[in-house]
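Residue-level listing of the chains:
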Amino acid sequence: MRISVALDVPLRQLFDYLPKPGEPVPKPGSRVKVPFGRRTLCGVVWDTNPSPNLAVSQLKTVRENIDEAPLFHDRDRKLIDFAARYYHQPIGEVVMAALPPLLRQGGMVDPTIERITITAIGLDKLAGDLTKRAPRQQALLEVLAAEQQGLNAEALQQRMPGWRQVGKPLIKQGAIHSERIEKRERWRLAAPRSDKPHLSDEQAKAVEAIESFDDGFRCWLLDGVTGSGKTEVFLRLIERQIERNQQTLLLVPEIGLTPQMVRRLEARLGVRVALLHSELSDLDRATAWVAAATGEALVVVGTRSSVFAPMANTGLIIVDEEHDPSLKQHEGFRYHARDLAIFRAADANIPVILGSATPSLETLANAQDGKYGHLRLTQRAAGARPPKVTVVDTNRFNLQDGLSQPVITAIQSHLDDGHQVLIYLNRRGYAPTLICTDCGTIARCQHCDANMTVHASRGQLQCHHCGARRALPTACETCHEPVRPLGEGTERVEQTLANLIPEYPLARIDSDTTSARGAMDKALAAAKSGESKLLIGTQMLAKGHHLPDLTLVVILNADQGFFASDFRASERLAQTIVQVSGRAGRGQRAGEVLIQTAYPEHRWLKTLVNEGYHALAATILQERQLAGWPPYTAIAVLHAASKQESAAIEFLNQAKATLVPFGIHALGPAPASMLRRQGRYRYQLLLTADSRQSLQSQLLRLTDFLATHKPPHHLRWSLDVDPQSEL
Ligand code: ADP
Ligand code: ZN
């Protein structure tokens, strides 16, 4: 009897061990501690009785069985196996990505909590006069006396930091009592709210179509304009799942979206949501994960890695904002949570819903082919009107720090009317670069082919690609003449507007202002309550947020996207413009959108503004078909980066030589769009195939090569299947 174990090591294999003598053989999906080299590693049993590849005498023995019951069910292991195969990742790395950090390290979720209660002795003491002698003890007893059930240690620590020191003598005297009790997370809350809106015809049709389809698996595209009430449709469907005691998995692209979504779900559904994302404490995350696995939590909401969360009894999977690039992991194990969600639903034979106002072109093509059910919500909910979009040609106006007069006037007037305004600019910092007023030298990063961004408030230049920083020079680094910041970032626009329109409270929301834990939620709360009137932000602000007082959206530098080399640039640009615009006029007042650009005649922009997202999407799809891009082909990219340019090229050439060019094209090695980054030269080999099958068969050859060929020192490679960026 032997077992094979998935370990967090970069080898594409499982490792065989002998079970611990005298103990039950651990079941597949449960964790064990095993010797590996000189270390002890935590791994997950993947198979029992695998076909032997080593003689028994060579096998080591499991040190410890961690779990009694498996953490992963058979279905969960099937999903992980598929992901490892499809993305050509070592199985151990995929398993570890699927586990929350606490469990990955071999930890357990403690099912008990410490509870502190006051005793009769304590109550007597309180009735006496402690105040003068021991005011802190008095205070502690008072806090506890007010709580009939006592308080758990964590809550007590919040109310009275340092209570443990104060409480020590009280515990000795028997005045307070500490015990560990079974923690029964209440995954059900009070009665759900009953004041549901009456569904529009389109919403009702969507709910009906999905509910009445009783053939198990089906992928649905809920294609609804911003503010059309997609979330309301989700809520109705989740309600039905709860009635049947079945679980729902809801994937969202950003952490910023989750607190808002969670509050809305909990209020409406009357269940506690198990939340899974990387900003939670390790314990909270593991607790939620276990509640999902056991089926206690009926609604599970999480960012992309929660697509792997085991669930005992899933009835429905929803991917909100399915077009969002952050559903794809861009480093390490590069997987697309949407695509895996579809695999998972198919395997479990349940419906999966992809929601978006700007569906990805892959999804749209599938819907048009009839592969997915296509449900449309064309009207905004509750009578809200679509925003009025105007293009402002910057060639016709003088700009004041990047802002044209019509833009400034509109901002002032919406604010004076008592509304909120959002300025969107996808560039943080003060200015994208620093230029010499005399010789024109631009501040460059020493490690990348990129300009340094000016961060005025920190007095620094920073590279947004490698993180390098240096002090903001006061004179040109070459000729010592004066320098000036060139262009605008969010910091500069904030400063300009604070000077121009000082009477309204302003908030900048970008990764510089929201890096602290909880800062994003706070900033959003201030935006929602109407406390901040003028919001300036990057794409963080573009997504999903519902701000009813917001009536004007200004898009400042849409132009950037016009000249990107990536074949997805037009799609991304259109999605961003529509999503940001969609924040305007979601309440009673109609909204207005101003797109400031130096290229008002650009055909993408014209089609988008005059005919809408779906018209532009249709054009782009035709172009993709002609040019042989996805969704009409399947692609993968092999990246290589090295300090020696020739090594990267040579490595990719060798990789290319292992391919059989049948039903597949290999293009390259070609320089990446930014050739040098972090001191490494980056090249890529692009594989394009007519079908996923022919792509996969060649990828097998490639991974064979990668597994056996030892690349030169300093060279890093990565394989990206269905890449979403950097082409
Ligand atoms: P989306 O997710 O499509 O952007 P939401 O579901 O957030 O839209 O809905 C936008 C707003 O309209 C929310 O405030 C929501 O409560 C409200 N809403 C949704 N459906 C209805 C409806 N049928 N009647 C009234 N209000 C609705
Ligand atoms: Zn750099």
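Structure: above.
This section reports on the structure supplied with the text.

Definitions and limits used
- Numbering of residues starts from 1 in every chain and runs along the sequence as written.
- Chain A is the first chain written and ligand 1 is the first ligand written, with later ones labelled in order.
- Since the coordinates come from a predicted model, pLDDT governs what is reported: local features require at least 70, and pairs of side-chain atoms require 80 or more to be given and counted, while whole-chain, interface and lining totals use all residues.
- Think of the side-chain values as coming from all heavy atoms in the structure, minus any hydrogens and water.
- Strands are runs of DSSP state E lasting at least two residues, helices are runs of H or I lasting at least four, and both sets are numbered from the N terminus onward.
- It is over C-alpha atoms that the radius of gyration is taken, and the globule rule equals 2.2 Å times the number of residues to the power 0.38.
- With a 1.4 Å probe rolled over the protein chains alone, any residue whose accessible area is under 20% of its type maximum counts as buried; one over 50% counts as exposed, and the rest are partly exposed.
- Only heavy atoms enter the contact rule, under which two residues are in contact if any of them lie within 4.5 Å.
- Criterion used throughout: strands pair if DSSP finds at least two bridges between them.
- Salt bridge criterion: a side-chain nitrogen from Lys or Arg within 4 Å of a carboxyl oxygen from Asp or Glu.
- A 1.4 Å probe that fits into a set of points on a 1 Å grid over the protein atoms alone but cannot get out defines a cavity; an open set with protein on both sides within 12 Å along at least five of seven lines defines a pocket, and lining residues are those with an atom within 4 Å of a point.
- Grid points are joined across faces, edges and corners, and a volume is the space filled by probe spheres set on the points.
- Only Asp, Glu, Lys and Arg are considered charged, only Ala, Val, Leu, Ile, Met, Phe, Trp, Tyr, Cys and Pro nonpolar, and every remaining residue, Gly among them, polar.

So, on to the overall build of the chain. Assigned secondary structure in the chain consists of 21 helices and 33 strands. Its C-alpha radius of gyration of 29 Å places the chain within 12% of the 27 Å reference for a compact globule of 727 residues. In terms of overall dimensions, the chain has a C-alpha envelope of 80 × 75 × 65 Å along the principal axes. When each of the 727 residues of the chain is scored for burial, the buried share is 52%. If you take every contact in the chain between residues at least 6 apart in sequence, the share linking residues at least 24 apart comes to 76%.

Attention now goes to the pairing of strand E31 (residues 664-677). In the case of a regular strand, side chains alternate between the two sheet surfaces. With 8 bridges joining them, E31 and strand E32 (residues 680-689) adopt antiparallel strand pairing. Directly across from Arg676, in E32, lies its bridge partner Tyr681.

Inspection of the entire model under this criterion finds 31 salt bridges. The shortest N-O distance in the salt bridge between Arg268 and Glu232 comes to 3.0 Å. Separated by 36 residues along the polypeptide, Arg268 in helix H10 (residues 258-269) and Glu232 in helix H9 (residues 230-243) bring together distant segments of the chain. As far as the burial class goes, Arg268 and Glu232 line up, both buried. The closest approach of N and O atoms between Glu477 and Arg470, which form a salt bridge, is 3.0 Å.

What the rule picks out here adds up to 1 cavity of 30 Å³ or more. In this model, the largest cavity occupies a volume close to 80 Å³. Lining the largest cavity are Ala97, Ala98, Leu99, Pro100, Leu276, Arg285, Trp289, Ser305, Ser306, Phe308 and Ala309. For the lining of the largest cavity, the secondary-structure elements that each account for two or more residues are helix H2 (91-98) and helix H11 (282-294). Tallied by class, the residues present in the lining of the largest cavity amount to 8 nonpolar, 2 polar and 1 charged.

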